[in-house]
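What follows is each chain in one-letter form.
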Amino acid sequence: MKKLGLLFLLVCFNFSTNAQTTEALKKELAPKKAKIAKLQGEVNAIQAKIDGMPGWRKGAFGTIGGSFSGFSNWYSRTAPNAVAGNIGITVNGFANLIEEEIFWRNSGAVHLGWVKLDNKEDATDSGNFETATDVFTISSLFGKRLNKKWALSALGEYRTTLIDNFNNPGFLDIGIGMTWTPLEKLVVAMHPANYNIIFSSGERVYTSSSGAKIVADYTANYHKLSIKSNLSVFQSYKDRNLSNWTWTNSLGYTLWKGIGVGLELGLRNNKQEALNNALANFNTTTVIPTPASPTFKNIDNKLQSYYLLGLNYAF
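Note that the coordinates shown come from a computational prediction; the quantities given were computed from them, not determined experimentally.

Asker: Looking at this model, I keep getting lost on the environment of G177. Mind explaining?
Answerer: In this structure, G177 sits in strand 6 (residues 170-180). For G177, a relative accessible area of 17% translates into the label buried. Between the alpha carbons of G177 and A151 there is a distance of 8.6 Å; along the sequence they are 26 residues apart. When sequence neighbours within four positions are dropped, the list of residues in contact with G177 reads A151, L152, S153, M190, H191 and P192.

What follows is the structure, given as structure tokens:
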């Protein structure tokens, strides 16, 4: 019993010593954390001054996502022998010249994606990767400042596809108006004098027109987090069916040496693209009674969207 009591006392003493040691270390750690917080605040203040200095600001980050799977004699599937996969790549970059009297903001974005489903039991199945997402956008905004927040500005924005049907269609907006910069990271261009030029070949589905252009862009870096959100709206003066908008959002979080996780989400509404797609897939030979030819009045203009989640790299 004496040995058991002695052992119990030793255990209690050990717990007490460890508790005292832990408390002492926590007390020692607290002032060091306070010093780090103070230094980080000073670093942030200096970085803010650097960001406010005239000159070029450049940056880029991108996301790569993908998955692959294969099935062999997996009888619970409709296609028990198949190979599937998808690959997605996005890159966002900017180069901005910021001066006291003028600014010149340039940005570009590429979003590409491929999917594959190879059914080994279907001889007609190609098994090749097919394009799923194909978006290429560049823009350039020049402004002459009236004050710190407002400027006279001119904008050029071009959007098309790279892999399939390059410049068919291609959308080019050219316009002038005003730009509002309430924050260094937020830019809102409002151009009532804008012309939306559409390049296309073959059947004349697309129509160019004049209208109002609004572009809102937010680009920021918060330590390890990169954010870019861009909303581009064109409102046609000729016909509301010729209007369109696109909203893209990119997030990248760095975990280690520039590598991290990224999320890309894109939304679009374009009735001309919806009509072109409906006409391309219109078939009167297999449907009875024969359907009416697609027009702006009878097509279903659904919201377009894409997303990508995967590895991210910050340049």
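Asker: Even after reading the chapter, I still don't get the side chain of S229, so can you show me in this structure?
Answerer: Of note, S229 is situated in strand 9 (residues 225-236). Residue S229 is classed as buried on the basis of its relative accessible area of 19%. Among the polar contacts made by the side chain of S229, one reaches the side chain of W247 at a distance of 3.0 Å. Within the structure, the side chain of S229 is placed 2.7 Å from the side chain of N249, a separation counted as a polar contact.

Asker: How should a nonpolar patch on the surface be read in this particular structure?
Answerer: Residues Y253, L255, W256, I259, V261, L311 and Y313 make up a contiguous nonpolar surface patch of roughly 740 Å² in combined accessible area. Here the nonpolar patch gets three residues from one element, more than from any other, and that element is strand 10 (residues 244-256).

Asker: For this particular structure, what's the right way to read the nonpolar core?
Answerer: Across soluble globular proteins, nonpolar side chains show a tendency to be buried alongside one another. Membership of the largest hydrophobic core is limited to eight residues, which are I98, F103, L141, A151, L155, V187, A189 and V215. For this core, the secondary-structure elements that each account for two or more residues are strand 5 (150-160) and strand 7 (186-199). When sequence neighbours within four positions are dropped, the list of residues in contact with V187 reads R105, L141, T179, W180, T181, V215, A216 and D217. Listed in part, the seven residues of the second largest apolar core include F171, V205, L275 and I299.

Asker: Looking at this structure, how should I read the environment of L186?
Answerer: For L186, the location among the structural elements is in strand 7. With sequence-adjacent residues up to four places away left out, L186 is seen in contact with W180, T181, D217 and Y218.

Asker: Looking at this structure, how should I read the side chain of N194?
Answerer: Inspection of the secondary structure assignment puts N194 in strand 7. Judged by relative accessible area, which is 5%, N194 ranks as buried. Among the polar contacts listed, one links the side chain of N194 to the backbone nitrogen of G175, at a separation of 3.5 Å. Setting aside chain neighbours within four positions, we find N194 in contact with D173, I174, G175, S209, S210, G211, K213 and F234.

What counts, and at which threshold
Residues numbered from 1 in each chain as written. Predicted model: local features only at pLDDT ≥ 70, side-chain atom pairs only at ≥ 80, totals over all residues. Heavy atoms only, no water. Helix = DSSP H or I, 4+ residues; strand = E, 2+ residues; numbered from the N terminus. Buried < 20%, exposed > 50% of the residue type's maximum accessible area, 1.4 Å probe, protein only. Contact = heavy atoms within 4.5 Å. Polar contact = N/O pair within 3.5 Å; in protein donor to acceptor, adjacent residues only side chain to side chain. Patch = residues over 30% accessible without salt bridge, like charges linked within 9 Å, V, L, I, M, F, W, Y side chains within 5 Å. Areas by Shrake-Rupley, 256 points an atom, 1.4 Å probe, with all protein chains shown as cover. Salt bridge = Lys/Arg side-chain N within 4 Å of Asp/Glu carboxyl O. Core = buried A, V, L, I, M, F, W, Y, C linked by side-chain atoms within 4.5 Å.

Take it as geometry only, folks, not as evidence of what the structure does.
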